[in-house]
Amino acid sequence: MKSSVTFRFFLALLLAMPLYMQAQTYGNEWIDYSKTYYKIKVARDGIYRIPYSVLSAANIPVTSVAGSQFTMFCKGEVVPIYVSTTGLMGNNDYIEFIGKKNDGSVDLQMFEDPFLQANPSYSLITDTISYFLAWNTIQPGKFFSAIPNDLTNLPNKEIFCTTTITQSTNGTYNQGKPAVLAGVSLYESMFDDAEGYGDATFNLANKTYSFATPGLVASSALNFTLKLNLVSTSISDHRLRISFNALPVLIDTSYYGYRLNKWEWTNTSNNLNANNTLNISAIGPGSIDRNQVMFLSLTYPHNFNVSG
C-alpha cells in the first residue's frame, strides 16, 4: 500500500512539472525572433537623439517605415520615444528618448533578501544598459506627444517640486559578510550581505558629507528626507554617532559585529541650508571600528527654477 501511494505521488509530481515550467518567466518574453533589433548602449543619464543619418547608416529602412511604427525596449519593457514625424522620415527627422544608465534594480534579484542590497544606485556588473529599437512589433510603441500650451483656466500655482541628490559612493568594493576561519576571511559565492560598491572604509574616524541644495524651498510645512545605508565591516565592537546640520544627534548606537544599517530621517525643510553637512563618527570602544557608507541621498523641496 505504501509503495502504491509513493508511486502515485511521484507520478503526480512529474505530470505537474511541465505546467510549473510553463508558468516561469525568464525576461526574454518581449523578444520577437522574427524581427531585427538595433542595440543602443547608454552609460549616462540624458536625453538621446538618433538622427535620420544615423538610422539610415545602420541600414534601418527609414524610407519604408513610418515614425509611428517604431518601438523601443529596455529591461523587457516598452519605453516611450519621441519621433519628429508619424509618417516616413526625411533628412531632418529623428528619434529621441530618455536614457538612463544601469543601476542596481536588476541586481536586486540576485540577493536572497532584497534588504541585503546596500547600494541600489550602482550595479555590481556594469553601468551600461542596452536599449533596443525595432519596428512593426507585436507590442505597439509608446510615444511622447506635443500638446498645445493652454493657459486658460489655470490651477493654483505650485510652489515646489521634489528633487533628490544622491552622493557618488562607488569607489570601493565590499565583498560582503565574511566567515572568519583560522584568521582568514572567507566569502560566499552568492551575492552576500551588503556586497557591492561604496565609499572608502573608515576606522575610528569622522566621515563628513556635504550637500548643496540649490533651489531650496525652506518651510516648516515641507519636509526633506535623508537616507543612509552604512555597513560596519569589522568583526568588532562598534559605536556610531550621526548628526546633520544643527539638528539634535540623529543616532547614537552601539553593537557588535558585521552589520548593514539602513536609516531614513525626515524633518522640515527649514532645517536645511544652502550647504548642509552630515557627520558620521565611529568612536568606539576598541582599536577597530571599521565602517563603509554604501548609499546616501537627500530629497528636498525645490523651486521651479530649473537652472539651480
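Cut-offs and rules
Residues numbered from 1 in each chain as written. Predicted model: local features only at pLDDT ≥ 70, side-chain atom pairs only at ≥ 80, totals over all residues. Heavy atoms only, no water. Patch = residues over 30% accessible without salt bridge, like charges linked within 9 Å, V, L, I, M, F, W, Y side chains within 5 Å. Areas by Shrake-Rupley, 256 points an atom, 1.4 Å probe, with all protein chains shown as cover. Salt bridge = Lys/Arg side-chain N within 4 Å of Asp/Glu carboxyl O. Helix = DSSP H or I, 4+ residues; strand = E, 2+ residues; numbered from the N terminus. Buried < 20%, exposed > 50% of the residue type's maximum accessible area, 1.4 Å probe, protein only. Core = buried A, V, L, I, M, F, W, Y, C linked by side-chain atoms within 4.5 Å. Contact = heavy atoms within 4.5 Å.

**Student:** I'm lost on a nonpolar patch on the surface in this one. Help?
**Tutor:** Together, I47, I98 and F144 line one region of the surface with nonpolar side chains, adding up to about 320 Å² of accessible area. Tracing the sequence through the fold places F144 in the loop between β7 (142-143) and β8 (161-166). Classification of F144 by relative accessible area gives partly exposed; the value is 39%.

**Student:** Would you mind showing me how to read the nonpolar core here?
**Tutor:** A general trend in soluble globular proteins is that nonpolar side chains are found buried together. By size, the foremost hydrophobic cluster in this structure holds 23 residues, and its most contacted members are L226, L228, L230, L278 and I280. Broken down by secondary-structure element, the contributors of at least two residues to this core are β14 (206-212), β15 (223-232), β16 (237-244), β17 (251-256), β18 (259-268), β19 (275-282) and β20 (290-302). When near neighbours in sequence (up to four residues on either side) are disregarded, I280 contacts F202, A205, N206, K207, Y209, L228, L230, L240, R241, I242 and V293. Among the nonpolar cores identified, the runner-up in size contains 21 residues, and L55, V65, V79 and I129 belong to it.

**Student:** What's the story with the pattern of salt bridges in this structure? I'm lost.
**Tutor:** Pairs may arise between side chains of opposite charge once their charged atoms sit close together. Inspection of every chain in the model, using the stated rule, returns five salt bridges. For D252, the salt bridge is made with R239, and the minimal N-O distance between the two is 2.9 Å. One end of the pair, D252, is in strand β17; the other, R239, is in strand β16, and 13 residues separate them in sequence. A residue is classified by how much of its surface remains accessible, and D252, at 38% relative accessible area, is partly exposed. Overall, the relative accessible area of 31% leaves R239 in the partly exposed class. The network of salt bridges with shared partners includes R239, R241 and D252.

**Student:** Just checking my understanding: could you explain the environment of D45 for this structure?
**Tutor:** Among the secondary structure elements, D45 is positioned in the loop between β1 (38-42) and β2 (46-51). Along the primary structure D45 and T201 are separated by 156 residues, whereas in three dimensions their C-alpha atoms are 28 Å apart. D45 has contacts with G99, K100 and K101, leaving out every residue within four places of it along the chain.

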